[in-house]
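As a plain string of letters, each chain reads:
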Amino acid sequence: MRKEDVLRLPSMPLASPSYPAGPYRFVNREYMIISYETDPAVIREQLPEPLEPLAQPLVAFEWIRMPDSSGFGSYTESGLVIPCRFKGEDVNFCSQMYLDDDPPIVAGREIWGFPKKYAHPKFEIVKDTLTGTLAYAGQPVAMGTMAYKHESMAGNGAKTTATLSKTQINLKLIPGVDGRPEICQLVAYNLTEITVKGSWAGPARLHLIPHVNAPVADFPVRRVLGAHHFIADLTLPYGRVVYDYNHPV
């Protein structure tokens, strides 16, 4: 194999790359996002500088079902997102993510710095209830429920598109062979080519259970504000470095 052939490889391992080159297209991606208030001290502790917390201590707990994802297949994901600010812009910081498929775990960590770990999220409709559960190492750690399609937001696709278009930021931390943080960056990305196919709001509840390796319950539920359920097609492009801890400006 020549040097130019090596440089064309999309990922490791050489014989069977874990994921293809992007960008990555998602069809019929379905979300349930439960927004709630938590302890502001926890947000400050878990939010890396120079990201700044909002006045209202908000957290979004997400379940996402991805039945058709180019290069990644079909999988389900769950996690915690912290709304915050960066250089005057309202952004979302991805704090914890759990999913059940190897290629998006590897690609997510290596390319964008998504905080992905292997677990068992489940997202389904049970009678009149949209239900999300998350288990890690055989133990339940989260359960969220939302009234199914109680309030249509189909006429407000602009709001859902704005939600998906918002800048997302990850902490990408990859050690070098000497153990030091060779890559330590805040990485941003914005979803593109968004088509909203349905959008609903409704009441919700969220229950979190402490677990040492899936510490979602470290963000206690003080007050659930509501939930947003929507389905969309979208593209995940490559990202950009917005802050480098090794070379701060």
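Heads up: these notes are all about the structure in this document.

### Remarks on the packing of aromatic side chains
Enumeration according to the criterion identifies 10 aromatic pairs in this entry. Relative to W112, the ring of Y24 lies with its centre 5.7 Å away and its plane at 70°, an arrangement referred to as edge-to-face. Of this pair, Y24 sits in strand 1 (residues 24–37) while W112 sits in helix 3 (residues 102–112), placing them 88 residues apart in sequence. With respect to burial, Y24 and W112 carry one shared label: buried. One aromatic cluster is present, formed by Y24, F26, F72, W112, F114, Y189 and Y238 through successive ring pairs. Across the ring face of F26, the terminal group of R29 is positioned such that the distance to the ring centre comes to 4.5 Å. Sitting over the ring of F114, K116 keeps its end group 4.9 Å from the ring centre.

### Quick look at the pairing of strand 14 (residues 204–208)
Here strand 14 shows a clear split, with A204, L206 and L208 buried on one side and none of R205 and H207 buried on the other. Strand direction decides the pairing type here: strand 9 (residues 139–147) and strand 14, joined by 5 bridges, are antiparallel. Paired with M143 across the strands is H207, a residue of strand 14.

### Quick word on the pairing of strand 1
Most of strand 1 is tucked away, with 10 of its 14 residues classed as buried. Where strand 1 meets strand 15 (residues 223–236), 12 bridges bridge the pair, whose relative direction is antiparallel. Residue S35 lies in a different strand from strand 15, and its bridge partner there is G226. Bridge count for strand 1 against strand 3 (residues 58–69) is 10 bridges, and the pairing is antiparallel. Looking at the pairing, Y31 lines up with I64 of strand 3.

### Some remarks on the sheet that holds strand 14
Strand pairing within a sheet occurs via backbone hydrogen bonds; the two strands may be parallel or antiparallel. If you walk across this open sheet you meet the 4 strands as 7-8-9-14, and the pairing is antiparallel. Single-partner strands in this sheet number two, and they are strand 7 (120–126) and strand 14. Within this sheet the neighbouring strands show an average axis-to-axis angle of 10°, counted without direction. Bridge count for strand 8 (residues 129–136) against strand 9 is 8 bridges, and the pairing is antiparallel. Among the inter-strand pairings, T131 is bridged to a residue of strand 9, identified as T145.

### Here we look at the layout of surface pockets
By volume, the largest pocket amounts to about 780 Å³. Around the largest pocket sit 45 residues that line it, and I33, A60, E62, N92 and T163 are the ones nearest its centre. If you tally residues by element for the lining of the largest pocket, the top one is strand 4 (residues 73–86), at 7 residues. Considered class by class, the residues forming the lining of the largest pocket number 29 nonpolar, 10 polar and 6 charged.

### Quick look at the environment of K172
With respect to the helices and strands, the residue K172 is situated in strand 11 (residues 168–174). Its relative accessible area of 10% is what places K172 among the buried residues. Spatially, the C-alpha atoms of K172 and V241 are 9.4 Å apart, while their sequence positions differ by 69 residues. Dropping the residues within four chain positions of it, K172 is found in contact with R109, E110, I111, W112, G113, I183, C184, Q185 and V187. From its side chain, K172 meets the backbone oxygen of E110 in a polar contact 2.8 Å long. Within the structure, the side chain of K172 is placed 3.1 Å from the backbone oxygen of I111, a separation counted as a polar contact.

Definitions and limits used
- Residues numbered from 1 in each chain as written.
- Predicted model: local features only at pLDDT ≥ 70, side-chain atom pairs only at ≥ 80, totals over all residues.
- Heavy atoms only, no water.
- Phe/Tyr/Trp six-rings, centres within 6.5 Å; stacked < 30°, edge-to-face > 60°.
- Helix = DSSP H or I, 4+ residues; strand = E, 2+ residues; numbered from the N terminus.
- Buried < 20%, exposed > 50% of the residue type's maximum accessible area, 1.4 Å probe, protein only.
- Lys NZ or Arg CZ within 6 Å of the ring centre and 35° of its normal.
- Pairing = 2+ DSSP bridges.
- Axes fitted to C-alpha atoms, helices over the stretch in contact; angles between N-to-C directions.
- 1 Å grid on protein atoms, 1.4 Å probe; cavity = no way out; pocket = protein on both sides within 12 Å on 5 of 7 lines; lining within 4 Å.
- Points joined across faces, edges and corners; volume = space filled by probe spheres on them.
- Nonpolar A, V, L, I, M, F, W, Y, C, P; charged D, E, K, R; others polar.
- Contact = heavy atoms within 4.5 Å.
- Polar contact = N/O pair within 3.5 Å; in protein donor to acceptor, adjacent residues only side chain to side chain.

Purely geometric stuff here, so don't read any function into it on its own.
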